[in-house]
Amino acid sequence: MRARFAPSPTGYLHVGSARTALFNWLAVRNNGGELVLRSDDTDQARGSDEYYDDVIEGLRWLGIDWDEGIETGGPHGSYRQSDRLERYQQVAVELRAGRRAYLCFCTSEELDERRRQAQAEGRPPGYDGRCRTLDPDESVSRQQAGEAAALRLAIPRPGETVFEDIVRGEVRFGHDNVEDFVLLRSTGSPTYHLASTVDDVDYEITHVVRGEDLLSSTPKHILITRAMGAEPPAYAHLSLLLGPDGKKLSKRHGDTALHAYRDGGILPEAFVNYVALLGWNFGDDETVFTRREMVERFALDDVQKNPAIFDNEKLTWMNGLYIRELDPGAFESHTRPLVEADLGRALTDEERETYREVAPLVQERVKVLTDAPDQVRFLFAEEVDYDAGSWDKVMTKPESPRAIDAALVRLERVGEWSSGPIEKELRAMLEDLELNARKGLQPVRVAITGSSISPPLFESLAALGRERSLDRLRGARSRL
RNA sequence: GGCCCCGUCGUCUAGCGGCCUAGGACGCUGCCCUCUCAAGGCAGUAACGCCAGUUCAAAUCUGGUCGGGGCUACCA
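Residues numbered from 1 in each chain as written. Chains lettered and ligands numbered in written order. Predicted model: local features only at pLDDT ≥ 70, side-chain atom pairs only at ≥ 80, totals over all residues. Heavy atoms only, no water.

Visitor: I tried to follow the overall build of chain A on my own but got confused; where do I start?
Guide: Broken down by element type, chain A carries 20 helices and 12 strands. The C-alpha radius of gyration of chain A comes to 32 Å, more than 25% above the 23 Å expected for a compact globule of 480 residues. By sequence separation, contacts in chain A at least 24 residues apart represent 74% of the contacts at least 6 residues apart. Of the roughly 22700 Å² of accessible surface on chain A, a fraction of 46% belongs to carbon and sulfur atoms. Positive and negative side-chain charges in chain A, numbering 62 and 83 respectively, have mean positions lying 3 Å apart. (Helix = DSSP H or I, 4+ residues; strand = E, 2+ residues; numbered from the N terminus. Rg over C-alpha atoms; globule rule 2.2 N^0.38 Å. Contact = heavy atoms within 4.5 Å. Areas by Shrake-Rupley, 256 points an atom, 1.4 Å probe, with all protein chains shown as cover. Lys, Arg positive; Asp, Glu negative; His and termini not counted. Charge placed at Lys NZ, Arg CZ, Asp CG, Glu CD.)

Laid out in structure tokens, this is it:
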């Protein structure tokens, strides 16, 4: 098996494309085949280097590796279509010489006009084949004389293209609905259909796994392949990823660039696990599984036909699971840069030690890595930022001043400043005041963290340190 | 409009003629645990689009219908 992932660098790596790449990768790794990465940047669609790099970076982040192609090399040059223009032109010349394709002198304006007319009269809007009957030799002379001409494939008529799609089963298209489409523009540059198909043939691709949006172009690709005298590969068309409104996932649904998920604190393993579930399932009612398990069980035949709505909430839930499974050191090193970025400065050695201690408590509480700074900001910022809602809800309670006063007294006499002794004193305080833990501790929490939501209180106090804790309690008391 | 694809809880899905009183997961609700928030545990909520037909028996097969989506460029 030889599959390929062939993004066109006209935008950032899209989550839908990432899923296509993943399914290609899973299929190949499952059966010991090879994955080729190429760039479908036909002359016209040449994208920016930024997009090109984004694709490669995204694949690497996901842990999707390839055996041949871009950056990895192989027997076919750069694996960028923009470097293979002569090859497409060569194929085009052969197709024309073999009468499988013909020159077309219709201008864009003429085509538009005729298309509009056809639609108005209820006829199919495709190219009407006007230039197909021109004398080929005469056409060549006209072109050589300088007349602009595109090259079109002569679709066999009547005819029908039938193929067995791995996920959809038999699909058939009557040629009445396949127009004599353009292979080579009048500028000499190849269209996507030509370039992509030539590459699939040249690179000996056996399985084309791609999005369903290309399903109706498949007869075109099969026809080109046959016209080249080659055997078409097997096709597997993956259903599309939809936004919450059931429409094709696009920018208006929010983030569609894969890197937005990385930047949003999603772990690649979680992303891969979640996305694998869109159109495929592990069996055994399992939804969480390792990459290895995934590779072992994956089969294109098991891929579902219906489109799937991309559910950020489930992805986030799953990400929380993966975060909690991270070893503490990994969590710490993943999130420390985020904390530092939030603070706008690097942590001191002492602070790093503090963070190392509290990070495991944070790890249990976040669903995305980027939530970490919120949980620990109170430890490293000079001033507490009192959350107005928390303050109003907690500090206005009648018992709050008493609780803070008492806490101050008890905490001042804590010997060793660590969570155990701190807890002991505060529990004693609760007993003195005859307050339950909820009522007695919340004011303390708000006083030192600024919020009614925080990591566990005793550990937070311990991490904050004696002096700063006491200062904050005094500061809060004076605001009451 | 034409062509093509798709149709099980709100969402992702299991199901491949009787194991279905339709299973799992997310979400949501409630309870337990609990210093807050999470996490965890338990329980609950909720679906075969519709109509015919085939069959002793249909979510599963067939036809139609409705609904959704994709494509319809000298874009990819």
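There's more to say after this.
Visitor: Please explain the environment of threonine 20 as it appears in this structure.
Guide: One can find threonine 20 in helix α1 (residues 15-31). For the pair threonine 20 and aspartate 180, spaced 160 residues apart in sequence, the C-alpha to C-alpha distance is 29 Å. Filtering out sequence-adjacent residues up to four positions away, threonine 20 remains in contact with Phe5, Val209, Arg210, Gly211 and Leu238.

Visitor: Even after reading the chapter, I still don't get the domain arrangement of chain A, so can you show me in this structure?
Guide: A common way to report how large an interface is uses the accessible area buried once the components associate. According to the domain assignment, chain A consists of domain 1 (1-70 + 239-325), domain 2 (85-238), domain 3 (326-377) and domain 4 (388-479). Computed from C-alpha atoms alone, the centre-to-centre distance between domain 1 and domain 4 is 47 Å. (Domains from an automatic or database assignment.)

Visitor: Would you take a moment to explain the sheet that holds strand β5 (residues 150-153) for this structure?
Guide: The strands making up a sheet are joined through hydrogen bonds of the backbone, oriented either antiparallel or parallel. Strand order in the open sheet formed by 3 strands is β4-β5-β8, and the pairing between neighbours is antiparallel. Each having just a single partner strand, β4 (101-104) and β8 (182-184) make up the two edges of the open sheet. Within the sheet, the average angular offset between the axes of one strand and its neighbour, ignoring direction, is 45°. Bridge analysis of β4 against β5 gives 4 bridges, and the strand direction is antiparallel. Along β5, the bridge assignment pairs leucine 103 with leucine 151. (Pairing = 2+ DSSP bridges. Axes fitted to C-alpha atoms, helices over the stretch in contact; angles between N-to-C directions.)

Visitor: How should the protein's contact with RNA strand B be read in this particular structure?
Guide: Inspection of the region around RNA strand B gives 67 residues, with Thr42, Arg168, Arg185, Lys247 and Arg445 positioned closest. When the atoms of RNA strand B within 4 Å of the protein are grouped by moiety, sugar and phosphate amount to 77% of the total. Taking arginine 445, its side chain carries an N or O atom lying 2.4 Å from a base oxygen of RNA strand B. Listing elements by their share of the surface near RNA strand B, those giving two or more residues are α4 (108-120), β5, β7 (169-174), α6 (192-202), β12 (308-309), α11 (312-325), α18 (437-449) and α19 (457-464). In terms of residue class, the surface near RNA strand B is built from 25 nonpolar, 18 polar and 24 charged. (Near = heavy atom within 4 Å. Polar contact = N/O pair within 3.5 Å; in protein donor to acceptor, adjacent residues only side chain to side chain. Nonpolar A, V, L, I, M, F, W, Y, C, P; charged D, E, K, R; others polar.)

Visitor: I tried to follow the nonpolar core on my own but got confused; where do I start?
Guide: Considering soluble globular proteins, one finds that nonpolar side chains tend to be buried as a cluster. Ranked by size, the top nonpolar core spans 137 residues in total, and within it Phe271, Phe310 and Tyr355 carry the most contacts. The element best represented in this core is α1, accounting for 9 residues. With sequence-adjacent residues up to four places away left out, phenylalanine 310 is seen in contact with Leu241, Leu242, Leu249, Tyr261, Phe271, Tyr274, Val275, Leu278 and Leu315. The next biggest cluster of nonpolar side chains, apart from the first, holds 6 residues, and it includes Tyr102, Leu111, Tyr127 and Cys131. (Core = buried A, V, L, I, M, F, W, Y, C linked by side-chain atoms within 4.5 Å. Buried < 20%, exposed > 50% of the residue type's maximum accessible area, 1.4 Å probe, protein only.)

Visitor: Sorry, what's going on with α6 here?
Guide: The α-helix winds at 3.6 residues per turn, so residues separated by three or four positions along the chain end up facing the same way. For α6, the tally of buried residues reaches 9 of 11 residues, placing the bulk of the element in the interior. Where the residues of α6 are buried, they touch β1 (2-5), α3 (85-97), β8, β9 (207-211) and α7 (218-227). Glutamate 204 sits one or two residues past α6 and shows a positive phi near 55°.

Visitor: Mind showing me how you'd approach the packing of helix α17 (residues 419-433) against α19 here?
Guide: Packed helices, taken two at a time, are described by the angle between their axes plus the distance between the axes. Contact geometry of α17 with α19 gives a least axis separation of 9 Å together with a crossing angle of 120°. Classed by the angle they form, the pair α17 and α19 counts as oblique. Every pair of crossing elements has a handedness; the one defined by α17 and α19 is right-handed. Where α17 abuts α19, its residues Ser419, Ile422, Glu423, Leu426 and Arg427 lie against Phe458, Glu459, Leu461 and Ala462. Broken down by class, the residue content of the contact of α17 with α19 amounts to 5 nonpolar, 1 polar and 3 charged. (Parallel < 35°, antiparallel > 145°, perpendicular 65-115°, else oblique. Left-handed = near helix turned anticlockwise from the far one by under 90°.)

Visitor: In this structure, what is going on with a positive patch on the surface? I would like to understand it.
Guide: Taken together, the side chains of Lys393, Lys397, Arg438 and Lys439 present a region of like positive charge at the surface. On the secondary structure map, lysine 393 appears in helix α15 (residues 388-394). Among the residues examined, lysine 393 registers a relative accessible area of 51% and is labelled exposed. (Patch = residues over 30% accessible without salt bridge, like charges linked within 9 Å, V, L, I, M, F, W, Y side chains within 5 Å. Salt bridge = Lys/Arg side-chain N within 4 Å of Asp/Glu carboxyl O.)

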